[in-house]
Amino acid sequence: MKSLFRFLLCLMAFINVGVRTEAQVQMTYAIDRPAFLITHMDTDKFNVVDSSLAEIAYKYRFRMTADDDSLSADDDMWLLIGKRYVSFFSINLRNLDDKNTESMKTTLNMDAPQVTWQGYDIMRDLKEKTLTVSHRVPFTKDVCQYTESVPDIQWTLLPEDRDTIMGYRCQAAEGEFGGRKWKVWYTDLIPVPLGPWKLGGLKGLILKAVDSERNFMFEVEGLAQKRLPVKQFDWKYKKMSKDEWMKFEAYMYSNAGQFIKNNNIRLFVPKAGGERGLQPVSESWQEYYNPLEK
């Protein structure tokens, strides 16, 4: 799916005269329709916490609007499996961050991400049995982070439901997690209890997963034995509880227009009715909210 991001209008700094004396930076964007955008994060500084034994590539498809039954929005997600840590993230966003980080040292040019790219990553600690989830807040440099226990999903096997995915014989199972019912296909030919996102706990790698309402789908596209660094980036994380993040995320989407105003963002979209020119997004704008985990 092509990016809805058309062009970056400008970056302006201004000083409010009067009571406020601090300089504020105002970002101005123009896009085809109101949408949240993930901003660039520097990837120069990081800690290598592990080395991968395998790299699993998934295509993630999801419903982007209430009437999008085709799951037309997508992203490419990687699962890096190490001895101690397992990392899950958008490889598209990671590659763009790396490219922009290098470009900022020379040309100062930056490419924009697609609005469908996922601004979260998950670090699974196999020893401590925890998930550390980091969410990049749209239009800002904020990264919110919480830690939770690895979910204990109670799976029901479906013995008669089998499939072959990427040449691997797969068995189906159903389970509930995060307010949704998931059906997955896993293979015991790769005997690791892992899968995309937060899914796992079966006797083999999950190669495909879809929720019962067909809002989301993960499907494997490639598997390789690769030695790649499992990175933990040196960003300024805002620690919070999972409940605090979910409440903040719901507020952010239901009050999108007010959220961007509070963060000093000016967002413009084409005028209605085919009229030429741009108009600012209304403060009453609400972004479509359909999270993976309710």
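Just so it is clear, the model here is predicted, and its values are computed rather than measured.

Q: What should I look at first to understand the environment of Lys129 in this one?
A: Turning to its location among the elements, Lys129 is positioned in the loop between β6 (120–125) and β7 (130–136). Linking Lys129 and Ser149, residues 20 residues apart in sequence, is a C-alpha distance of 6.1 Å. Aside from chain neighbours lying at most four places away, what touches Lys129 is Ser149 and Val150.

Q: What is the right way to read the packing of aromatic side chains from this model?
A: The description of an aromatic ring pair rests on the distance of the ring centres and on the angle between the ring planes. This structure, assessed with the given rule, holds 20 aromatic pairs. Ring-pair connections join several aromatic residues into one group, and the members of that group are Tyr29, Phe36, Phe139, Trp245, Phe248, Tyr253, Phe259, Trp285 and Tyr289. The ring of Phe46 is capped by Lys231, whose NZ or CZ atom sits 4.3 Å from the centre of that ring.

Q: I'm lost on the environment of Glu55 in this one. Help?
A: Relative to the helices and strands, Glu55 resides in strand β3 (residues 46–62). Those residues in contact with Glu55 that sit more than four places away from it in its chain are Trp78, Leu79, Leu80, Gly222, Leu223, Ala224, Lys226 and Leu228.

Q: Explanation requested: the confidence of the model for the chain in the structure shown.
A: Should the pLDDT be low somewhere, the predicted coordinates at that spot are not to be read in detail. Across the chain, the average pLDDT comes to 91, with 91% of residues at or above 70. Here residues 1–23 is a poorly scored stretch, pLDDT under 50, and it has 51 contacts once near neighbours within four places are set aside; other chains count.

Q: I keep staring at the pattern of salt bridges and nothing clicks. Help me out?
A: Pairing is possible between side chains of opposite charge, provided their charged atoms come close. Applying the stated rule across the entire model yields 21 salt bridges. Between Asp76 and Lys59 there is a salt bridge whose closest N-O contact spans 2.8 Å. Separated by 17 residues along the polypeptide, Asp76 in strand β4 (residues 73–82) and Lys59 in strand β3 bring together distant segments of the chain. Residue Asp76 is classed as partly exposed on the basis of its relative accessible area, which comes to 22%. Between Glu174 and Lys181 there is a salt bridge, and its shortest N-O distance comes to 3.8 Å.

Q: Explain the layout of surface pockets to me, please; I cannot follow it from the model alone.
A: In this approach, a probe sized like a water molecule rolls over the atoms, and the result shows the empty space that is left. The computed volume of the second largest pocket comes to approximately 260 Å³. In terms of lining residues, the second largest pocket is bounded by 15 residues, among which Arg124, Leu126, Val150, Pro193 and Leu194 are the most central. Split into classes, the residues belonging to the lining of the second largest pocket amount to eight nonpolar, two polar and five charged.

Q: Looking at this structure, how should I read the pairing of strand β8 (residues 143–149)?
A: Consecutive residues of a regular strand have side chains that alternate between opposite faces of the sheet. Of all the seven residues making up β8, five are buried; the element is thus mostly covered by neighbouring parts of the structure. Here β7 runs beside β8; their pairing, made up of seven bridges, is antiparallel. Counted as the bridge partner of Thr130 is Ser149 from β8. Adjacent in sequence and paired antiparallel, β7 and β8 are bridged by six residues, among which Phe139 carries a positive phi angle near 70°. Sheet analysis places β8 next to strand β15 (residues 237–239), joined by three bridges and oriented parallel. Bridging across to β15, Val143 finds its partner in Tyr237.

Q: Looking at this model, I keep getting lost on helix α2 (residues 242–254). Mind explaining?
A: Because the α-helix completes a turn every 3.6 residues, residues three or four places apart line up on one side. The first and last C-alpha atoms of α2 sit 18 Å apart over 13 residues, in line with the 18 Å expected at 1.5 Å per residue. Every buried residue of α2 is listed here: Lys242, Trp245, Glu249, Met252 and Tyr253. Projected onto a plane normal to the axis of α2, the buried residues spread over an arc of 90° and lie on a single side. In this structure, the buried residues of α2 make contact with β7, β8 and α3 (256–262).

Definitions and limits used
Residues numbered from 1 in each chain as written. Predicted model: local features only at pLDDT ≥ 70, side-chain atom pairs only at ≥ 80, totals over all residues. Heavy atoms only, no water. Helix = DSSP H or I, 4+ residues; strand = E, 2+ residues; numbered from the N terminus. Contact = heavy atoms within 4.5 Å. Phe/Tyr/Trp six-rings, centres within 6.5 Å; stacked < 30°, edge-to-face > 60°. Lys NZ or Arg CZ within 6 Å of the ring centre and 35° of its normal. pLDDT = per-residue confidence, 0-100. Salt bridge = Lys/Arg side-chain N within 4 Å of Asp/Glu carboxyl O. Buried < 20%, exposed > 50% of the residue type's maximum accessible area, 1.4 Å probe, protein only. 1 Å grid on protein atoms, 1.4 Å probe; cavity = no way out; pocket = protein on both sides within 12 Å on 5 of 7 lines; lining within 4 Å. Points joined across faces, edges and corners; volume = space filled by probe spheres on them. Nonpolar A, V, L, I, M, F, W, Y, C, P; charged D, E, K, R; others polar. Pairing = 2+ DSSP bridges. Expected span 1.5 Å × (residues − 1). Arc of directions from axis to C-beta.

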